[in-house]
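# Descriptive structure summary
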Amino acid sequence: MILPRWWFLWLMALWLVGCSIFPRAAPPIYYQLEYQPPLAQCRQGFKKGVRVWKFTASSPYGRTEMVVLKPNGHVSFSSAFQWVASPGTLVSENLLHDLTSSRLFPQVVSANDPTMAPLELSGRVFVFAWERTGAVSWAVLQVEVSLIDTDKPRRVILRREYDFRSQPLAEDTSYAFARAMSELMSNFSEKFQEDLCTAIGSHPKLSRPP
């Protein structure tokens, strides 16, 4: 059966009306951490390679949406502004990059790399958020990191929790959050590398000349 021309015009009009009533949502904007890798000034380094495992994350930080903390324990998520990866992945991958750039380890490999690495670096992200109180906001980063020597006898080389907060900012935007968190990640990486330098001195059997 051949439908009359007005039938197709009527269907087209319905489709146009539907598009105007239910417009498509704008695609999310993604951010990544951007900073210059800090390099620790150590007199010596580890003589064993290290594997960097993907960090886990406490709830609600196991997702890519930016998290905003408000007074009275209120938590909100931004579907419009997201990270390129979950916080656990962001932190571990940036540490992997920073440690590769440093001279602390002769070899730095990722979790999926088949290369043998006796030392293992793992961690957990406790807070990775934009905290807002009134007209002031700031970024918060809380991470626990462990460095384990898997050679027998298995032992903990370093286990420490880090807590960083940015300066209070009147600018309350996703860009400000990404910029502040990038600075916190740089500060955390620098302090962690300094602690690794100290740990080398406490374990002379693991050290090598620079």
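In what follows, the structure referred to is the one given above.
In short, a report on the structure.

### Section: the side chain of glutamate 131
With respect to the helices and strands, the residue glutamate 131 is situated in strand β8 (residues 119–133). At a separation of 3.3 Å, a polar atom in the side chain of glutamate 131 contacts the side chain of arginine 165. Each residue touching glutamate 131, except ones within four places of it in the same chain, is listed here: Leu69, Val136, Ser137, Trp138, Val140 and Arg165.

### Examining the nonpolar core
Within soluble globular proteins, side chains that are nonpolar generally end up buried alongside one another. With 52 residues, the main nonpolar core has Trp83, Phe105, Phe128, Leu147 and Phe188 as its most contacted residues. With 12 residues, the top contributor of residues to this core is helix α3 (residues 174–202). Beyond its immediate sequence surroundings of up to four residues, leucine 147 is in contact with Phe46, Val50, Phe105, Leu119, Glu120, Leu121, Arg155, Val156, Ile157, Leu158 and Leu196.

### Here we look at the layout of surface pockets
Over the atoms, a rolling probe the size of a water molecule traces out where space has been left empty. Volume-wise, the largest pocket comes out at about 190 Å³. Lining the largest pocket are 13 residues; nearest its centre among them are Val68, Ser78, Phe81, Arg132 and Ser174. For the lining of the largest pocket, the secondary structure elements donating two or more residues are β5 (65–70), β6 (74–83), β8 and α3. With four residues, the single largest contributor to the lining of the largest pocket is β6. A breakdown of the residues in the lining of the largest pocket according to their chemical character gives six nonpolar, four polar and three charged.

### Structural notes on unusual backbone geometry
In most cases, non-glycine residues show a negative phi, while peptide bonds are predominantly trans. The residue after serine 59, namely proline 60, is reached through a cis peptide bond having omega 10 degrees. Mapped onto the elements of the fold, proline 60 is located in the loop between β4 (56–57) and β5. Backbone geometry places asparagine 72, a non-glycine residue, at a positive phi of 65 degrees.

What counts, and where the lines are drawn
Sequence positions are assigned chain by chain, starting from 1 and proceeding in written order. Thresholds applied to this predicted model are a pLDDT of at least 70 for local features of residues and 80 or more for the giving and counting of side-chain atom pairs; totals over whole chains, interfaces and linings are not thresholded and use all residues. Only hydrogens and water are set aside when side-chain values are computed; all heavy atoms of the structure are taken into account. Under the DSSP-based scheme used, a helix requires at least four consecutive residues in state H or I and a strand at least two consecutive residues in state E, with every element numbered from the N terminus. Here a polar contact is recorded for every N or O atom pair within 3.5 Å, except that within protein the pair must consist of a potential hydrogen donor and a potential acceptor, and residues adjacent in sequence are included only if both atoms are side-chain atoms. Throughout, a residue-residue contact means that at least one pair of heavy atoms, one from each residue, lies within 4.5 Å. We define the nonpolar core as a collection of buried residues of types Ala, Val, Leu, Ile, Met, Phe, Trp, Tyr and Cys that are connected through side-chain atoms lying within 4.5 Å of one another. Remark: exposure states derive from per-residue accessible area (1.4 Å probe, protein chains only) relative to the maximum for the residue type, with buried under 20%, exposed over 50%, and partly exposed in between. Every definition here rests on a 1 Å grid over the protein atoms only: cavities are sets of points where a 1.4 Å probe fits but cannot get out, pockets are open sets enclosed by protein on both sides within 12 Å along at least five of seven lines, and lining residues have some atom within 4 Å of a point. Grid points are joined across faces, edges and corners, and a volume is the space filled by probe spheres set on the points. Three classes are used: nonpolar for Ala, Val, Leu, Ile, Met, Phe, Trp, Tyr, Cys and Pro, charged for Asp, Glu, Lys and Arg, and polar for all others, with Gly counted as polar.

Purely spatial values, then, with no claim about function.
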